[in-house]
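A structural walkthrough
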Amino acid sequence: MTSCSPGGAPDLMFLLSWASNALLVEHAAGVAELGISPRAHCVLLKARPGGLTQRQIGDLCGIDKTTMVVTLDQLEAAGLVRRRPSPTDRRARLVEVTVEGEKVLDRAQEIAAALQQDVLSTLPEADRAVFLRSISSLVAGRLAGGGCGPGSRPAC
C-alpha cells in the first residue's frame, strides 16, 4: 500500500500515517489481553519511575487533560496505579504504579518489544539501525513540536 505525492515520490505523510495506524492496531491487540490500551501502557511506562504529576505524564504521552483523567480513572479502578496529593502543589496529583501495575507493565513491555522486533525483522539487517536513527531524528527534531507548522506535532 503506497501513495505518491504530486512529484511522484513516496508520500511521507501517508506512509507515516499508515505505519503508525498499523502498529497501533497490533499494539492494541497485544496489550488488550492485559486489559489495557496503548495509551494506558504509555501512562504506566512514564509513571513507573515515580514523582511525576498527572499533567507531566500526560505531556510525556501526548494525552490531553480530559483523556488523561479518564485513563487514570480506568487504571486506578483496575488497581494498576494510585494517585496521591503532591507535597509541593496541593492542586496536583502524583501517579504511582502499584505492584500489580508493575506486573502488567512488564508484560506490556514484552509485548511491545516482540512487536518491534517482528516489524524490524522485515527490514534488511543493515537498514534497521539507519531506519531507527532516521525516524528518531525526525521525531526529536523536525516533528517534535506541539503546534501547527515547522517543528510541530500534527495537532491540526
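Shown above is the structure to which this text applies.
Everything numeric in this text was worked out from a predicted model, so none of it was measured.

The rules we used
Residues numbered from 1 in each chain as written. Predicted model: local features only at pLDDT ≥ 70, side-chain atom pairs only at ≥ 80, totals over all residues. Heavy atoms only, no water. Disulfide = S-S within 2.5 Å. Helix = DSSP H or I, 4+ residues; strand = E, 2+ residues; numbered from the N terminus. Contact = heavy atoms within 4.5 Å. Polar contact = N/O pair within 3.5 Å; in protein donor to acceptor, adjacent residues only side chain to side chain. Phe/Tyr/Trp six-rings, centres within 6.5 Å; stacked < 30°, edge-to-face > 60°. Buried < 20%, exposed > 50% of the residue type's maximum accessible area, 1.4 Å probe, protein only. Salt bridge = Lys/Arg side-chain N within 4 Å of Asp/Glu carboxyl O.

**Comments concerning the state of the cysteines**
In the structure shown here, the tally under the stated rule is 1 disulfide. The disulfide partner of Cys-42 is Cys-61, and the gap between their sulfur atoms is 2.4 Å. With the S-S dihedral at roughly -100°, the linkage between Cys-42 and Cys-61 falls on the left-handed side. Here Cys-61 lies in helix H3 (residues 54-61) and Cys-42 lies in helix H2 (residues 38-47), a separation of 19 residues in the sequence.

**Observations regarding the environment of Arg-84**
Looking at the element boundaries, Arg-84 is found in strand E1 (residues 81-85). Spatially, the C-alpha atoms of Arg-84 and Val-95 are 6.7 Å apart, while their sequence positions differ by 11 residues. Discounting chain neighbours no more than four positions away, the residues touching Arg-84 are Ala-92, Arg-93, Leu-94 and Glu-96. Within the structure, Arg-84 has its side chain in polar contact with the side chain of Glu-96 (distance 2.3 Å).

**Describing the packing of aromatic side chains**
Going through the model one piece at a time under the given rule, you end up with 1 aromatic pair. Measuring from ring centre to ring centre gives 5.7 Å for Phe-14 and Trp-18, while their planes differ by 35°; the resulting arrangement is tilted. Note that Phe-14 and Trp-18 are positioned in helix H1 (residues 12-32) at a spacing of 4 residues, about one turn of the helix. Residue classification places Phe-14 among the partly exposed residues on the basis of a relative accessible area of 25%. Owing to a relative accessible area of 45%, Trp-18 belongs among the partly exposed residues under this scheme.

**Some words on H2**
The periodicity of an α-helix, 3.6 residues per turn, causes residues three or four positions apart to be oriented the same way. Residues of H2 that are buried: Pro-38, Ala-40, His-41, Val-43, Leu-44 and Ala-47. Taken together, the buried residues of H2 touch H1, H3, helix H4 (65-77), E1, strand E2 (93-97) and helix H5 (99-120).

**Quick notes on the pattern of salt bridges**
Here the structure, examined in full by the defined rule, presents 9 salt bridges. Between Asp-73 and Arg-83 there is a salt bridge whose closest N-O contact spans 2.5 Å. Here Asp-73, found in helix H4, pairs with Arg-83, found in strand E1; they are 10 residues apart in sequence, far enough to count as distant. On the basis of relative accessible area, Asp-73 is assigned to the partly exposed category, the value being 38%. Here the salt bridges do not stand alone but share partners, grouping Glu-33, Arg-107 and Glu-110 into one network.

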